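# Summary of structural features
Here's the letter readout for the chains.
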Amino acid sequence: MDYKTIKYTVDGYIGRLIINRPEALNALNSEVLSELNRVLCEIKENKDLRVLIVTGEGRSFVAGADIKEMSTLSPLEGKAFGKKGLQVFRKLESLEIPTIAAVNGFALGGGCELAMSCDFRIASDKALFGQPETGLGILPGFGGTQRLQRLVGQGYAKYLIYTSQNIKADKALEIGLVQEVVPADELEERVTKLAGKVAANAPVAVRLAKEAINVGGQVDIDSAIKIEENLFGLSFATEDQKDGMNAFLNKEKAEFKNK
Ligand code: CAA
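The rules we used
- All residue numbers refer to positions counted from 1 along the written sequence of the respective chain.
- Local features in this predicted model are restricted to residues of pLDDT 70 or higher, and side-chain atom pairs are both shown and tallied only at a pLDDT of 80 or more, whereas totals for entire chains, interfaces and linings draw on every residue.
- Water and hydrogen atoms play no part in the side-chain values, which are based on all heavy atoms of the structure.
- Boundary definitions for the domains trace back to an automatic or database domain assignment.
- Between two residues, a contact is recorded if the distance between any of their heavy atoms is within 4.5 Å.
- Put simply, buried area is the surface a 1.4 Å probe can reach on two separate parts but cannot reach once they are joined, added for both.
- Salt bridges are defined by distance alone: a side-chain nitrogen of Lys or Arg within 4 Å of a carboxyl oxygen of Asp or Glu.
- N or O atoms closer than or at 3.5 Å make up a polar contact, with two conditions inside protein: a donor-capable atom paired with an acceptor-capable one, and, for residues adjacent in sequence, both atoms drawn from side chains.
- The secondary structure listing takes helices from DSSP runs of H or I that are at least 4 residues long and strands from runs of E that are at least 2 residues long, numbered from the N terminus.
- For this classification, the nonpolar set comprises Ala, Val, Leu, Ile, Met, Phe, Trp, Tyr, Cys and Pro, the charged set comprises Asp, Glu, Lys and Arg, and every other residue, Gly included, is treated as polar.
- In this text, buried Ala, Val, Leu, Ile, Met, Phe, Trp, Tyr and Cys residues form a nonpolar core when linked through side-chain atoms within 4.5 Å.
- Note on exposure labels: buried denotes an accessible area under 20% of the residue type's maximum, exposed denotes more than 50%, and partly exposed covers the range between, all computed with a 1.4 Å probe on protein chains only.
- If DSSP finds at least two bridges between two strands, the strands pair.
- Candidate patch residues must exceed 30% relative accessible area and have no salt bridge, after which like charges are joined if within 9 Å and Val, Leu, Ile, Met, Phe, Trp or Tyr side chains if within 5 Å.
- Surface accessibility follows the Shrake-Rupley procedure with a 1.4 Å probe radius. Residue values consider only the protein chains on display as shielding.
- Asp and Glu count as negative and Lys and Arg as positive, but His and the ends of the chain are not part of the count.
- The atom standing in for a charge is NZ when the residue is Lys, CZ when it is Arg, CG when it is Asp and CD when it is Glu.
- Here a residue counts as near a molecule or strand whenever at least one of its heavy atoms sits within 4 Å of it.

## With respect to the domain arrangement of the protein
Assigned domains within the protein: domain 1 (6-199) and domain 2 (201-250). Listed per partner, the contact involves 13 residues of domain 1 and seven residues of domain 2. At the boundary of domain 1 with domain 2, total buried surface from both sides reaches about 720 Å², with 42% on carbon and sulfur atoms. Considering only the side of domain 1, the residues that lose the most area to domain 2 are R50, E96 and V198, jointly responsible for 41% of the buried surface there. On inspection of domain 1 and its partner domain 2, the count reaches two salt bridges. Linking D119 and K210 is a salt bridge whose minimum nitrogen-to-oxygen distance equals 2.9 Å. One can count seven residue pairs in polar contact (both at pLDDT 80 or more) joining domain 1 with domain 2. Among the secondary structure elements, those contributing two or more residues to the side of domain 1 that touches domain 2 are helix 3 (75-93) and helix 7 (187-200). Grouping the amino acids of the side of domain 1 that touches domain 2 by side-chain chemistry returns six nonpolar, one polar and six charged.

And the structure:
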């Protein structure tokens, strides 16, 4: 499919999604959100894909929702714009396959929210994170008030959102917002390597683990361990379980079939 504001490529088992509006530091306008919605349908349809990398073109990951577009919105239009972003990010978060944000630069407002909708985040040492919305007279509207507190706890979420101050990658690592920080010129290689590690593991098991974490994380512990119990049992129905365990017992490396 043709896209104007994003790029999407597939290399073997790994998909790469690039927000491509560098002239506006990849700010998310309605067009980007619509194209993201379309590409996520395309990604969902591709059953061979095992992992998705999300990143930004140029010096920015995403510098937020588009302030120019938002500046003239009425309350109802503002609500609809927020709803559109929330739905697209929830779709990304709910993809069956793992997603990795390769945060190459500014991850502000909607950009931080986009990164938080991925399963984990690897940052360049040049990346900058923040939820600067209250400085613009609004609040985070693409999931920031909810996902940030779930990732870093309410204290840091309130600290960042009320003060609207940005933090560098090392601080983001310290508070658990990102999982690794690497030199900017090594980001692509490192993230591709991690994506390869994910893709080399049993794909059905990885997807079931994602489901267990995402669904279990939202319910009480008794319901959550029941979810794990059922999904753990289900993994024994796969050929990959047989291949993985036989390979171990034969001192070989398993080649998983995604079955
Ligand atoms: N929306 C629209 N355009 C943006 C943008 C945004 N969020 N961020 C940057 N741009 C545009 C700039 O207007 C500029 O365009 P022109 O060349 O046409 O003037 C271009 O990108 C380059 O930006 P700067 O010249 O400002 O670059 P800089 O290096 O001096 O500064 C920056 C970089 C610190 C990221 C600065 O651009 C900035 O502060 N951007 C806004 C960040 C922000 O507040 N994001 C939150 C948006 S609100 C939100 O996201 C709501 C939500 O939760 C849904």
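## Focus: the nonpolar core
Counting 47 residues, the largest nonpolar core has F129 and L177 as its most contacted members. Among the elements that line this core, the one with the most residues is helix 1 (residues 30-45), at six residues. In this view, F129 contacts V103, A107, L108, C112, A123, Q165, N166, I167, A169, A172, L177 and V178; residues no more than four positions away in its chain are not counted.

## A short note on the sheet that holds strand 9 (residues 167-168)
Sheet architecture is open: four strands sit in the order 4-6-8-9, paired in mixed fashion. If you trace the sheet from one side to the other, it starts and ends with strand 4 (60-62) and strand 9, each paired once. Where strand 4 lies against strand 6 (residues 106-108), two bridges are found, and the strand directions are parallel. Paired with S60 across the two strands is F106, which belongs to strand 6.

## Some points on a negative patch on the surface
There is a patch of like negative charges on the surface, built from D125, D185, E186 and E189. In this fold, D185 is placed in the loop between strand 10 (180-182) and helix 7.

## With respect to the site of the ligand
The full set close to the ligand counts 23 residues, and R59, A65, G110, E113 and E133 are the nearest of them. Contact distances for the ligand include 2.9 Å between a nitrogen atom and a backbone N or O atom of I67. G141 places a polar main-chain atom, nitrogen or oxygen, 3.0 Å from an oxygen atom of the ligand. Those elements that place two or more of their residues in the shell around the ligand are helix 2 (67-70), strand 6 and helix 4 (110-116). Here the shell around the ligand is built from residues that sort into 14 nonpolar, four polar and five charged.

## Comments concerning unusual backbone geometry
Even without glycine at this site, N26 takes up a positive phi of about 65°. Mapped onto the elements of the fold, N26 is located in the loop between strand 2 (14-19) and helix 1. With a relative accessible area of 0%, N26 lands in the buried category. Phi at K251 is positive, roughly 55°, even though this residue is not glycine. Looking at the element boundaries, K251 is found in the segment after helix 10 (239-249). Taking relative accessible area as the criterion, K251 reaches 78% and is therefore assigned exposed.

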